Amino acid sequence: MKKALLKNWYFMVVFGILLIQLAIFLIAGESHSYIGVHDNLDIHITDYKLLKDNNAFFAQEKTIPLLGGIDRNFLLSEFYAYSWLYMILPNFAAYITGYFLKIFIALFSGVLLAKDILGDRYNRYKWAVVLFSFIYGLLPLYPAFSFSFASLPLLVFIIRRLKTGGKKKYYLLAFLYPTLSYFTFFGPFILGYIFIYFIYLWVKEKKINLRILLAMLLLSASYILIEYRLFALIFASGQATIRDTMVIDDFSASEILRSILNVFVNNIFHCDDLHRVVVLPLFVISFIAINLTHIRRKELRRAFTDPFNLIFLFIVFNCFVYGLYNNHAVRTLFETLVPPLKGWQFNRTIFFNPVLWYTEALIAVVRLSDYIATKELEKSRLKAVLPLIPKAVTIIVLFSVMGTQSLYNDFFNTYYVNAWETLKGQKSETLSYGDFFSKDLFQMIKKDIGYNGEYSVAYGFHPAVLSYNEIATLDGCLSYYYQSYKDSFRNVIAPSLAESEEARTYYDDWGARAYIFSGTDYGIWNPVRTIDVEDKRLLINKQAFENLKGKYIFSRVEFSNSDESGFKLIGKYSDANSPYTIWVYTI
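Details of the pairing of strand E8 (residues 581-586)
When you tally the buried positions in E8, you get five out of six residues, the bulk of the element. Pairing of strand E6 (residues 550-555) with E8, which is carried by four bridges, proceeds in the antiparallel orientation. The residue bridging Ile-553 from the neighbouring strand is Tyr-585, located in E8. In this sheet, E8 lies alongside strand E7 (residues 568-574) in antiparallel orientation, the contact comprising six bridges. Directly across from Gly-571, in E8, lies its bridge partner Val-584. Where E7 folds back onto E8 in an antiparallel hairpin, the turn is made up of six residues.

Description of the packing of aromatic side chains
The relative placement of two aromatic rings is captured by the distance of their centres and the angle of their planes. The full count for this structure, using the stated rule, is 73 aromatic pairs. Ring geometry for Phe-74 against Tyr-482: centres 4.9 Å apart, planes inclined by 90°, an arrangement best described as edge-to-face. Remark: Tyr-482 occurs in the loop between strand E4 (476-477) and helix H25 (483-499) and Phe-74 occurs in the loop between strand E2 (70-71) and helix H5 (81-88); sequence separation between them is 408 residues. Grouping residues by exposure puts Phe-74 and Tyr-482 together as buried. Ring geometry for Tyr-193 and Phe-314: centres 5.0 Å apart, planes at 80°, overall edge-to-face. Taken together, the residues Tyr-193 in helix H11 (residues 183-205) and Phe-314 in helix H17 (residues 307-324) connect sequence positions 121 residues apart.

Observations regarding unusual backbone geometry
The phi dihedral of Glu-61 falls on the positive side, at around 55°, and the residue is not glycine. Accessibility expressed as a relative area gives 80% for Glu-61, which makes it exposed. Its identity is not glycine, yet Asn-267 carries a phi of approximately 60°, on the positive side. Inspection of the secondary structure puts Asn-267 in the loop between helix H14 (253-266) and helix H15 (279-296).

Some remarks on a nonpolar patch on the surface
Among the surface-exposed residues, Val-284, Ile-288, Leu-292, Ile-295, Leu-300 and Phe-304 lie close enough to one another that they form a single nonpolar patch of about 610 Å² accessible area. Secondary-structure elements contributing two or more residues to the nonpolar patch are H15 and helix H16 (300-305). At four residues, the largest contribution of residues to the nonpolar patch is made by H15. Among the structural elements, Ile-295 can be located in helix H15.

Details of the pattern of salt bridges
Taken as a whole, this structure holds 21 salt bridges when the rule is applied. Its salt-bridge partner being Asp-116, residue Arg-160 comes within 2.7 Å of it at the nearest N-O pair. Placement of the pair is Arg-160 in helix H9 (residues 152-164) and Asp-116 in helix H6 (residues 91-118), with a sequence separation of 44 residues. Asp-272 is the partner of Arg-276 in a salt bridge, and the nearest nitrogen-oxygen pair spans 2.7 Å. Classification of Arg-276 as partly exposed rests on a relative accessible area of 28%. One connected set of salt bridges, linked through shared partners, spans Arg-490, Glu-501, Arg-504 and Asp-508.

Quick notes on the environment of Ile-290
Residue placement: Ile-290 occurs in helix H15. The buried category is assigned to Ile-290, whose relative accessible area is 12%. For the pair Ile-290 and Glu-360, spaced 70 residues apart in sequence, the C-alpha to C-alpha distance is 12 Å. Ignoring sequence-local partners within four residues, the contact set of Ile-290 consists of Asp-306, Phe-308 and Arg-367.

Analysis parameters
Residue positions are given per chain, counted from 1 along the sequence in the order it is written. The predicted nature of this model means local features are confined to residues of pLDDT at least 70 and side-chain atom pairs, given and counted, to a pLDDT of 80 or more, with totals for whole chains, interfaces and linings taken over all residues. Side-chain measures here rest on the full set of heavy atoms in the structure, leaving out hydrogens and waters. Summary of the burial criterion: residues with accessible area below 20% of their type's maximum are buried, those above 50% are exposed, and those between are partly exposed, where the area comes from a 1.4 Å probe applied to protein chains only. A run of H or I in DSSP becomes a helix once it reaches four residues, and a run of E becomes a strand once it reaches two; helices and strands are each numbered from the N terminus. A pair of strands is treated as paired once DSSP finds two or more bridges between them. The pairing test for Phe, Tyr and Trp rings, Trp by its six-membered ring, is centres within 6.5 Å, and the orientation test on the planes gives stacked under 30 degrees, edge-to-face over 60, and tilted for anything in between. Patches here: salt-bridge-free residues with over 30% relative accessible area, like charges joined within 9 Å, nonpolar side chains (Val, Leu, Ile, Met, Phe, Trp, Tyr) joined within 5 Å. Each accessible area value is a Shrake-Rupley result obtained with a 1.4 Å probe; residue values ignore everything except the protein chains displayed when judging cover. Criterion for a salt bridge: a side-chain nitrogen of Lys or Arg within 4 Å of a carboxyl oxygen of Asp or Glu. By definition in these notes, contact holds between two residues if any of their heavy atoms fall within 4.5 Å.

Spelled out as structure tokens, the structure:
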């Protein structure tokens, strides 16, 4: 028994860490779990709550009480596996379940692909495959689309199997795969890369691989069926959306190069894979060692076909596409060729880099392990220690991911903030999941004011808090909605935009956050425990607010000009379990 445990030590590491993380989240619960807010709690988690509260997951022609009442089609499809969690479970339980499921998806996918590639050699490298697949699953990537990231190795496995064989189950898997993916972030790129692979095989083998072609067709059909709502909006609504008027920065050549270098080192916050901490230095050392070996052995041709170098070129290509998105000529050419995709961010090729970086790390560790196992080292005095080096490097990579703070590193943030509060004996400025939504406080407010579905706005906090608590909102955050509503809401916030150029640019040039702005305190909605502002004026157009059928303003700030602005205070509310003090105003 002991021998078997030692032999499978890497599984003990995986299950040990999973048990610790599960215990932490179960003990912390909603009140003490610190979950990334930006583009997470303030959008997607709340959107799922809206769909559930309005029985709208499968509904047609349904109006959702967000942004003054939007078509249900603007929210996420009901056919994504991640959505199913929120249909079945309460929101917090669904979120935590999704956290662990994406780890298992990455682990399963990585092992499956490695077995297919390595064949009989798999058992030799099993420990590295398991650990790096697990590490990839732990990466703090965009939570709402974490299944998309985690399942990329599974997609490669399916395509590899279809390349050489035509078993029906793999066609079925290809058709079902988009339920794990997300079209606007991954779909077109996946289809594009498979098409490039199809052309490559055509040229190399001098014949069309019908199996790969059929796989592309199945994937395309599935993406269209899953995203039927989005395609209906794009091709059938006939209305302009905020994507048509978004202003994208046009960089100079030097700025583009800087952005390419920055994303190569740091990636972007939606997929902050933390490779810069350990994996990047490991890559640099390995790249030099591998290619010096090729040069010393006069094997330059092998250098150009080495998987390690090819993956590196793939990473660089994705970084260049990311940078070129900010080139006006390139972007204009794209939008001219594909007019329906105007405003679509084709620089999201960068989302493929996390799996590529950690594949590079896996290759580096495997080759180091092979090198240590060569005959040249058999007589070394460090023979017993040297084989442990690749394993130690892998564990260092593992802990660099677990122990580095980032926006979506929910386990680290939960552990760190709770430890900090225990040691300091005081509350952190960071809000927990329970703090952020403060359900008890808003239920009390709704009962006291006799709330009955009237449209409202938030000031000093994210409107998602109101939506989560079943309060209809004129404001909100959504990356895709009708331009006509953006223009109408702009009339409401025009006084604040007139005083703040930063807010005006933020709204007019982007507009995904239709929020109530301050004239001086930009980002007044930041989710912190203590809000301290000097400018306490309410700067909105009351008539425009009424035209949109608005009735209430929920504010973390007591307005200094409520009488002049035409709003009256109903009451001041607080709760011992909430960080908020809320002043409620009405017309």
